[in-house]
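These are the residues of each chain, in order.
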Amino acid sequence: MDMWIKPVDTMFVKWGSLVNIYIIAVGKLKEKYLKQGIEEYTKRLSSYAKIDIIEVADEKAPEQLSEQQMELVKKKEGERILGKVTDDMHVIALAIEGKMMSSEQFAQTLDRLATYGKSKVAFVIGGSLGLSDDVMKRANESLSFSKMTFPHQLMRLILTEQIYRAFRINRGEPYHK
């Protein structure tokens, strides 16, 4: 390390503009209150990282689906998701069967990725039926926020807030608990 670089500068290099966060989500966000919340956290995150929310079309399907039809819907949505994922992205799939962790552990995970040069981190949120097997195979890891089921639109807001919280934790900055 160059003797002219202070520890704070090292933190900026590690967590500065070199970090690109992508949230790849199925479906269009319609609810105004969710849009406002996400916009607020995206604005707050802009001083820590570049954040890009990518929406892919959800597959239109009737209410009642057979198992085969459900798999087909997930496969089509999965293809759209994978079309937005690049080889150099570290992909974290949000799935109910994923690993649960505290906010501090999540912050450590993002810190570890930055430390080891993973400057592009993509979080993937599936549609109402979840993620396809192909998306889960491409994911480097999977994350669960709860054993409960949440609407995938609400997960965007929760995820964005937790990413913001992680950056605050990693910078040693105060944030309510």
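Just so it is clear, the structure is predicted and the values come from calculations on it, not from any experiment.

### Thoughts on the UniProt feature "binding site: S-adenosyl-L-methionine" (unreviewed entry) in the protein
Then, number 1: If you check UniProt for "binding site: S-adenosyl-L-methionine" (unreviewed entry), the listed places come out as Leu94, Gly126, Phe145, Ser146, Lys147, Met148, Thr149 and Phe150 in our numbering.
Then, number 2: Mapped onto the fold, Phe150 is located in the loop between strand 5 (141-144) and helix 6 (152-171).
Then, number 3: Using a relative accessible area of 31% as the deciding quantity, one classes Phe150 as partly exposed.

### Digging into the packing of helix 4 (residues 103-115) against helix 6
Then, number 1: Running from amino to carboxyl end, helix 4 crosses helix 6 at an angle of 75°, the nearest separation of the two axes being 8 Å. When the axes of helix 4 and helix 6 are compared, the pair comes out roughly perpendicular. Listed contacts from helix 6 to Ser103, Glu104, Phe106, Ala107, Gln108, Leu110 and Asp111 of helix 4 are Leu159, Gln162, Ile163, Arg165, Ala166, Ile169 and Asn170.
Then, number 2: Its residues placed into classes, the contact of helix 4 with helix 6 shows 7 nonpolar, 4 polar and 3 charged.

### Looking at the side chain of Lys74
Then, number 1: Mapped onto the secondary structure, Lys74 falls in helix 3 (residues 67-82).
Then, number 2: Discounting chain neighbours no more than four positions away, the residues touching Lys74 are Leu129, Gly130, Leu131 and Ser132.

### Details of the nonpolar core
Then, number 1: Formed by 30 residues in total, the largest nonpolar core has its most connected members in Ile21, Phe106, Phe123, Leu159, Ile163 and Phe167.
Then, number 2: Those elements giving two or more residues to this core turn out to be strand 1 (20-26), helix 2 (32-45), strand 3 (90-100), helix 4, strand 4 (120-125) and helix 6.
Then, number 3: Looking at which element gives the most residues to this core, the answer is helix 6, with 7 residues.
Then, number 4: Once residues within four sequence positions are removed from consideration, Ile163 is found in contact with Ile21, Ile23, Leu45, Phe106 and Phe123.
Then, number 5: Within the second largest apolar cluster, 15 residues are counted, among which are Tyr22, Val56, Ala122 and Val124.

Analysis parameters
Residues numbered from 1 in each chain as written. Predicted model: local features only at pLDDT ≥ 70, side-chain atom pairs only at ≥ 80, totals over all residues. Heavy atoms only, no water. UniProt positions renumbered as here; feature names shortened; annotations may be inferred. Helix = DSSP H or I, 4+ residues; strand = E, 2+ residues; numbered from the N terminus. Buried < 20%, exposed > 50% of the residue type's maximum accessible area, 1.4 Å probe, protein only. Axes fitted to C-alpha atoms, helices over the stretch in contact; angles between N-to-C directions. Parallel < 35°, antiparallel > 145°, perpendicular 65-115°, else oblique. Contact = heavy atoms within 4.5 Å. Nonpolar A, V, L, I, M, F, W, Y, C, P; charged D, E, K, R; others polar. Core = buried A, V, L, I, M, F, W, Y, C linked by side-chain atoms within 4.5 Å.

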